[in-house]
Structures are given as C-alpha cells and as structure tokens.
Amino acid sequence: MADDKTREIFVTGLKNAHAMENQALSIMKPQVKRIENYPEIAAQLEKHIGETEGQVGRLEEILTSLAEDHSTLKDMALSFTGTMAALSHSVAGDEILKNSFANFAFENFEIAAYNSLITVAELGGYAGVVHALQLSLDQEIAMARWLEDNLRLTTIKFAELKKAGETAKV
C-alpha cells in the first residue's frame, strides 16, 4: 500500500480533478445554452456534460473509498473561474471559435491530469481505481479528438455565416 506522501499526492490529485471537472461543467453548460447555429457542437457538448457528470461521480467514489471528501473550496473556486471564462467569450464576435480553442486546450489539460493520476495510483498501489480513472481519460481523449477533428468545419461554417451576414457568433 502507499506510503503517506504518495497517498497525500494521490488524494490531492483526486480533489484537484474533482474541482477541474466541476470547472469543466461550469464552462460547458453556459456554452450549450447559447449555441444556436452549431447543433453538432451543442450535441457533442451535451454528451460530454453527461460524461463529465459521471467522471465527478467516479472521483467521489474513489475519494470515499479512501475515507476522503472533495474540496468544496476548490470546487467553488474553479467553478467560478470556469463561469467567468465562459462569460468572457460570450461578448466576442467569434465566440464559437474562442470556445472551440479553449475547450480543446482544457480537454488536453484534463488528459494530462488523468495521466498523472493514473501514474500516482499505480505508484501508490491503488490498482483498483485505475480502471475508473482510465475510463475518464478515454472520454477526455475522445472529446479532444472530436474538437480537433471538427475545428476546421467549425471555422468554415463560422466564416460562411459571417460572409452571409448571418449570426456567426453562436
């Protein structure tokens, strides 16, 4: 089993990941409400919101199995910053593009976080939770890939709408 320092690193990482996923929800939910001209993006975000809610649940289960709880302060702080990030893009004329860039960057941040958590879990002897963390990692990789694969089409659609004088923002 893990030594105290490895356990501390793992628990801190789990709490950070829990806050990170709450931040992701606070970024995605406002975007979905504002999307009008990009139904494929809205559908993908809705799907990933459901996945993210599942990720939060898995993190809570892991923390509970370690007799730990998530950090309400971290959750609130990162949810607030996520909401502010989403709002800051809403005033931009190219909101859909800014959101696409930010979402892609955030997904890659989450990928790095889950890779690190899996490594610490393996180092600490927490093999029983690696599958749950890997599931979350796989979902983040799939979302990042989808965003990357669709950026060109999103940009083209944005440009076409703008050129036609239609609302290209969202």
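The structure reproduced in this document is the subject of the present report. (Residues numbered from 1 in each chain as written. Predicted model: local features only at pLDDT ≥ 70, side-chain atom pairs only at ≥ 80, totals over all residues. Heavy atoms only, no water.)

## Comments concerning the overall build of the protein chain
When helices and strands are tallied, the protein chain shows five helices and zero strands. When the helices and strands of the protein chain are read in sequence order from the N terminus, they spell out α-α-α-α-α. Residues classed as buried in the protein chain amount to 45% of the 170 residues present. Relative to all contacts within the protein chain whose residues are 6 or more apart in sequence, the contacts with residues 24 or more apart total 81%. (Helix = DSSP H or I, 4+ residues; strand = E, 2+ residues; numbered from the N terminus. Buried < 20%, exposed > 50% of the residue type's maximum accessible area, 1.4 Å probe, protein only. Contact = heavy atoms within 4.5 Å.)

## Here's the deal with empty space enclosed by the protein
Enumeration according to the criterion identifies two cavities of 30 Å³ or more in this entry. Taken as a whole, the largest cavity holds about 40 Å³ of empty space. As for the largest cavity, its lining consists of Gln31, Ile35, Ile41, Leu45, Ile96, Asn99, Ser100, Asn103 and Leu147. Among the elements that make up the lining of the largest cavity, the one with the highest residue count is helix H4 (residues 95-124) (four residues). Considered class by class, the residues forming the lining of the largest cavity number five nonpolar, four polar and no charged. Estimates place the volume of the second largest cavity at around 30 Å³. What lines the second largest cavity is simply Ala24, Ile27, Met28, Asn103, Phe106 and Glu107. Listing elements by their share of the lining of the second largest cavity, those giving two or more residues are helix H1 (4-34) and H4. Tallied by class, the residues present in the lining of the second largest cavity amount to four nonpolar, one polar and one charged. (1 Å grid on protein atoms, 1.4 Å probe; cavity = no way out; pocket = protein on both sides within 12 Å on 5 of 7 lines; lining within 4 Å. Points joined across faces, edges and corners; volume = space filled by probe spheres on them. Nonpolar A, V, L, I, M, F, W, Y, C, P; charged D, E, K, R; others polar.)

## Focus: the packing of helix H2 (residues 39-65) against H4
Interhelical geometry of H2 versus H4 gives an angle of 25° and a closest axis separation of 14 Å. Taken together, the axis directions place H2 and H4 in an arrangement best described as roughly parallel. For H2 against H4, the interelement crossing comes out left-handed. Contact residues: H2 offers Ile41, Leu45, His48, Gln55 and Leu59, while H4 offers Ile96, Asn103, Glu107 and Tyr114. Counted by class, the contact of H2 with H4 contains five nonpolar, three polar and one charged residues. (Axes fitted to C-alpha atoms, helices over the stretch in contact; angles between N-to-C directions. Parallel < 35°, antiparallel > 145°, perpendicular 65-115°, else oblique. Left-handed = near helix turned anticlockwise from the far one by under 90°.)

## Quick look at the pattern of salt bridges
Taken as a whole and judged by the stated rule, the model has seven salt bridges. For Lys5, the salt bridge identified is with Glu8, shortest N-O distance 3.9 Å. Of this pair, Lys5 and Glu8 both sit in helix H1, three residues apart, which is roughly one turn of that helix. The class for Lys5 is exposed, based on a relative accessible area of 58%. A relative accessible area of 47% means that Glu8 is categorised as partly exposed. Between Glu68 and Arg7 there is a salt bridge whose closest N-O contact spans 2.9 Å. Here Arg7 lies in helix H1 and Glu68 lies in the loop between H2 and helix H3 (72-90), a separation of 61 residues in the sequence. (Salt bridge = Lys/Arg side-chain N within 4 Å of Asp/Glu carboxyl O.)

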